[in-house]
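# Residue-level structure breakdown
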Amino acid sequence: MQNSSDNKLWLTVLGWTVALMIFFPIFWMALTSFKTEVEAVSTPSLLFAPTLENYAQVFERSDYLKFAWNSIYVSFGSTLLALAFAIPAAYSMAFFPSKRTPGTLLWMLSTKMMPPVGVLIPIYLLFRDMGLLDTATGLMIIYTLMNLPIVIWMLYTYFKDVPIEILEAGRVDGVTPVQELFMLLIPLAIPGIASTGLLSVILSWNEAFWSLNLTSSQGAPLTAFIASYSAPQGLFWAKLSAASLMAIAPILVVGWMSQKQLVSGLTFGAVK
Amino acid sequence: MKLQSLIVSAAATLLSTAAVTQAATTVTIGTVNNGDMIVMQKLSARFEAENPDIDLNWVVLEENVLRQRLTTDIATGSGQFDVVTIGTYEVPIWGGKDWLVPLEGLPGDYDLDDVLQSIRDGLSHEGKLYALPFYAESSMTFYNSSLLEKAGLSMPDQPTWDQVKVMASKIHDPGNGVYGICLRGKPGWGENMALVSTMVNTFGGRWFDENWKPELDSPEWQQAVGLYIELQQKYGPPGASSNGFNENQALFSSGKCGIWIDATSAAGGLYNRSESQVADNVGFAQAPVAVTSHGNHWLWSWALAIPKTSDAKAAAQKFMTWATSKSYIEMVGASEGWASVPPGTRKSTYANPKYKAAAPFAPAVLEAIQTADPTKPSVQPVPYTGVQYVGIPEFQSIGTQVGQTIAGALAGQMTVKQALKSVQSSVSRTMRRAGYPKK
Amino acid sequence: MATPASTAAANSAVKTKNTRKVDTRPFLWPSVIVLFLWMIVPLAMTLYYSVINYNLLDPSFTGFAGLENYKFLLEDPSLWTSMWNTLVLVGSVLIISVVVGALLAVLYNARFPGRNIARLLVIAPFFVMPTVSALIWKNMMLHPVNGFVAWLQSALGMVPTDWFSQYPMLSIILIVSWQWVPFAFLILLTAIQSLDSEQQEAARIDGAGPVAMFFYIVLPHLQRSISVVIMIESIFLLAIFAEIYVTTSGGPGLATTNLSYLIYSVGLLQFDVGYASAGGVIAVILANIVAIFLIRTVSRNMQKA
């Protein structure tokens, strides 16, 4: 008994120490955002008079809400679109596999291997001609395509674990594949779909290459907002921290709230 | 059915958003996130109040990101920007490619003659002016006078690099967080190479000979780069190879650097008590010389220009003349303090008693700007213009490659000799690929 | 509106059960078509640009270049360095995230007070955008003068390390790992939670210590999840750009130039579209070699279990 409670204490200390170390950079950034610029570069200290000055300045300088709205629109919009494409595709491959299914899956994943830097100019020219430059919608399309392979793959593996008997019971009753998909599979697979969607939202929210290159103001998300604080003249660390916290806070909160969901759905078919 | 309607509605959203057009009087301004530009953005509310028919739309980005965005936009004729913030490097090149609107018919009260001649020349191509200067800078030597005094030193008005080295060695006290000298080390043509080029110039070297053959392994380069690396390694702060202008400004204004050789535009901030802990101890002198004074200090200006593809040229020009006018400078003086007005552009600023009183560095800055000559950067003849850069499109890439390798030498990965040998061959390659010697 | 599969087909499926002849390909096609376009259009354009002279800054530089762009690129000594750096970066981060991720998963699967909150703290870095995490590490953690680590070192009487110039690759690996370990942790935690507790209990009764438990029970169980982590992470790690751009710009020298960054610095920076496209094609080929190798191993692994 003595031994086990010793173990527990040891475990608690270890668990918390590691967690705090991993989280420390974010904590330190949050702390810095409430300091003055001079305090931000002087000897680290936990004792200071917190100020909201940096936040006020960031709000004054840039239209945070516009950037944040674009981020929300782009990441949730692209996720919904990707799911709309992916759910039927994954359903088809999981329940009606053909000889070509494994090959198709591999090929889909391989489209993600294109380095964005290499194809920037072609995409930029296409966007110019289609009038999609600096539109949130254009970015949404890119993100949909960017995340589609992973979304399909995650759903595919999740669907494969759905007990086929339930679907077959429905088939005996003469449901069509469309009905089967919408009335049987989707309700059953909600946890997997939700965590797939979450992952896609996170990846879109944090993408910084396309957003910086294809949008400038009207369609620009929070990654572009950060770019305007990254290295201005003079002391900038406190303001940068404030802007950074504002850029990551929404997705961090969403991620934390859905952590349980994320864990239960991230199986990739690897859990039996 | 649901699937199809989803796709249809997705396609519909797509089309409708793509078809949205911008109002004709929106002026989209692409600019860098420097302190002076941020002030401009703040004060522009007044411009909008005076011109209710013009809406300003700001795109503020970090310098390198901005440059890449603007170049892509203009070179592909995408027309997203109506006013662009570019420097003396880009203006003549872009003007020559017919990408910018030549500026004519400026209002009489703009008083173009009041703008310093050397700056106007830098922003022109074949006699046509393509941009209006927002601020301009040269380079000079800043020092922390209390640290120098403590070491029993005094800075001459025109120091030599040898003197700088001796002083740096005496001030250097890393145990107490004080470093002898802070120089740009962050790789980039506009970062470490700006300083290194001026050092090469003053040692009598040049980037290219008259036939565009690179001279990067010449003895002048060896001396200049050798000294640069010695100074940084022996008397510089840790992390020198990732310090650029901003990082050094932060170091200097928190009292950690004895000597800092950088842009004159830093002066305003160093004298500003809310940004600088050393406001009472800043000293300044001209940029150091070695063998010759040719090209020992640079010339740069951030300027506003209108791309040919803009759909709001008249409104854009109206804004530009406002933001670079005498009255704008007055406005900044009144709201931000006279030490913080955009420097280096107008004679009238330097004649203004309020500015002279607030900015003790003003005469030295004016002298540096007026004596910088981009057409004669080296004692030897050169086929290019530009003190701290070479005015050809390839230089962005060349300068950055060389800067990267020198940063590698600074970090101790290779010797100066090896570094220069390798950049000599890589620059030769790039130049050959670009088709030099041309004509 | 026609349903993707006809009712007749569906009816016949009822009889044949597992060998159904329902044609569900229309479900799959939209995805295949958009992905095909997404792949082929840029790829075709890139291939085309890679064999012509095309520089945005120099409209007079035109004409067919043949393999000139490729030749020039393959002669570039930095190409091989950057390929090596890409592999080092991807490999190290993969190893770190799998090992550390597995250890963390075991740790946070155990019960202790406040475990759920501790878990939240551990996964947080995954939600931070790469630009921001690079900025935090560069300016607030590893900065040799004002950074927290430097302060810690000098408080302990050590000389602050200049991370980005002395250990540039290590610093990048650290930053990237910090972002991706939580992802591995999430997936491996999910897997560990599904571990049969009876089996664990039985092993414990047989006298297996925690180390033996980990190697004989936990690790084999995690095998497939580890494959998943490796596959997904390598897709993202091959294209790492923002972290390098923000912190070291590929340097000092070429120390942290990966393939993405090389294409950026030699092609995009001088707007030489032809050259950048040749680089893009080479990167696509390399990425696909790695990918096919990885994906095949992984999918075999996943089929097996």
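Residues numbered from 1 in each chain as written. Chains lettered and ligands numbered in written order. Predicted model: local features only at pLDDT ≥ 70, side-chain atom pairs only at ≥ 80, totals over all residues.

### A word on the overall build of chain B
The condition that has to hold: Helical segments are the DSSP runs of H or I of at least four residues, strand segments are the runs of E of at least two, and each set is numbered from the N terminus. Our radius of gyration is a C-alpha quantity, and the globule rule it is checked against amounts to 2.2 Å times the number of residues to the power 0.38. Partly exposed residues are those falling between the two cut-offs: more than 12 but fewer than 20 other C-beta atoms within 10 Å of their own, whereas 20 or more means buried and 12 or fewer means exposed, with C-beta atoms placed from the backbone. Contact definition: two residues whose C-beta atoms, as placed from backbone geometry, lie within 7 Å.
Scanning chain B from N- to C-terminus turns up 18 helices and eleven strands. By the compact-globule yardstick of 22 Å for 439 residues, chain B fits well, its C-alpha radius of gyration being 23 Å. Viewed in the frame of its principal axes, chain B has a C-alpha envelope of about 75 × 55 × 50 Å. When burial is assessed residue by residue, chain B has 56% of its 439 residues classed as buried. Looking at chain B alone, contacts between residues at least 24 apart form 74% of all its contacts between residues at least 6 apart.

### Details of the nonpolar core
What counts here: Each nonpolar core reported here comprises buried Ala, Val, Leu, Ile, Met, Phe, Trp, Tyr and Cys residues connected via C-beta atoms within 7 Å. Residue ranges assigned to each domain were obtained from an automatic or database domain assignment.
By size, the foremost hydrophobic cluster in this structure holds 313 residues, and its most contacted members are Ala86, Ala90 and Leu155 of chain A. Take this core: its biggest share by element is 18 residues, from helix H7 (residues 136-160) of chain A. Summarising the domain contributions, this core has at least three residues from each of domain 1 (2-137 + 300-359) and domain 2 (139-297 + 371-433) of chain B. Apart from residues no more than four positions distant in its own chain, Ala86 of chain A is found in contact with Leu148, Val151, Ile152 and Leu155 of chain A together with Ser31 of chain C.

### Points about the sheet that holds strand S6 (residues 132-137) of chain B
Residue and element names in this part refer to chain B. Keep this limit in mind: Any two strands with at least two DSSP bridges between them are considered paired. Helix axes are fitted only over the stretch in contact, all axes being lines through C-alpha atoms; the angle between N-to-C directions runs from 0 to 180 degrees.
Sheet architecture is open: five strands sit in the order S2-S1-S3-S11-S6, paired in mixed fashion. Looking at the sheet topology across the chains shown, the edges are occupied by strand S2 (55-61) and S6. Between one strand and the next, the sheet's axes are offset by a mean angle of 20°, whatever the strand orientation. Across seven bridges, strand S1 (residues 26-32) lies against S2 in parallel orientation. Bridge pairing links Ile29 to Trp58 in S2. Packing of helix H2 (residues 35-50) onto the sheet brings it into contact with S1, S2, strand S3 (83-87) and S6, and relative to S2 it is tilted by some 170°.

### Regarding the interface of chain C and chain A
Stated formally: Gly is put with the polar residues, along with every residue not named as nonpolar or charged; the nonpolar set is Ala, Val, Leu, Ile, Met, Phe, Trp, Tyr, Cys and Pro, and the charged set is Asp, Glu, Lys and Arg.
Taken together, the contacts link 89 residues of chain C with 83 residues of chain A. If one sorts the elements of the side of chain C that touches chain A by residue count, helix H2 (residues 25-50) of chain C sits on top with 14 residues. Considering only residue class, the side of chain C that touches chain A consists of 65 nonpolar, 19 polar and five charged.

### Remarks on the confidence of the model for chain B
As a reminder, the rule being used: Values of pLDDT, the confidence the predictor places in each residue, fall between 0 and 100.
Scored by pLDDT, chain B has a mean of 89; 94% of the residues are at 70 or more. Scored below 50 in pLDDT, residues 12-23 of chain B makes ten contacts in the model with residues more than four places away or belonging to other chains.

### Quick word on the packing of H7 of chain A against H2 of chain C
When two helices pack together, their arrangement is given by the angle between their axes and by how far apart the axes lie. Spelled out, the test is: Any angle that is under 35 degrees is reported as roughly parallel, and any over 145 degrees as roughly antiparallel; angles of 65 to 115 degrees are reported as roughly perpendicular and all others as oblique. By definition, any crossing whose near helix is turned counterclockwise from its far helix by less than a right angle is left-handed, and any crossing with a clockwise turn is right-handed.
Between H7 of chain A and H2 of chain C, the least distance of the axes is 10 Å, while the angle of their chain directions is 135°. Between H7 of chain A and H2 of chain C, the crossing angle belongs to the class labelled oblique. The two elements H7 of chain A and H2 of chain C meet at a crossing, and its hand is left-handed. Residues Leu145, Leu148, Pro149 and Ile152 of chain A of H7 of chain A pack against Ser31, Val34, Leu35 and Trp38 of chain C of H2 of chain C. Its residues placed into classes, the contact of H7 of chain A with H2 of chain C shows seven nonpolar, one polar and no charged.

### A closer look at the environment of Ala287 of chain B
Residues and elements named next belong to chain B. Among the structural elements, Ala287 can be located in the loop between strand S10 (282-286) and strand S11 (300-305). Classification of Ala287 as buried rests on a count of 26 C-beta atoms within 10 Å. Residues Ala287 and Trp260 lie 27 residues apart in sequence; the distance between their C-alpha atoms is 9.9 Å. Contacts of Ala287, omitting those with residues within four sequence positions, involve Ser139, Met140, Thr141, Thr198, Ile261, Asn296 and His297.

### So, the sheet that holds S10 of chain B
All names here are of chain B. Read across the sheet, four strands follow the order S8-S9-S7-S10 without closing on themselves; strand pairing throughout is mixed. Single-partner strands in this sheet number two, and they are strand S8 (179-182) and S10. When the angles between neighbouring strand axes are averaged without regard to direction, this sheet yields 20°. Each of strand S7 (139-144), S8 and strand S9 (257-263) touches helix H10 (residues 245-253); the most contacted strand, S9, lies at about 145° to it.

### Some remarks on the environment of Ala194 of chain A
Residue and element names in this part refer to chain A. Structurally, Ala194 can be placed in helix H10 (residues 190-206). For Ala194, a count of 16 C-beta atoms within 10 Å corresponds to the partly exposed category. On a C-alpha basis, the gap between Ala194 and Ser258 in space is 9.4 Å, while along the polypeptide they are 64 residues apart.

### Focus on the confidence of the model for chain C
Residues and elements named next belong to chain C. In this model, chain C carries an average pLDDT of 83, and 90% of its residues clear a pLDDT of 70 or more. pLDDT under 50 marks residues 1-19. Its contacts with residues more than four places away, or in other chains, come to 33 contacts. Across the predicted assembly, pTM comes out at 0.86 and ipTM at 0.88.

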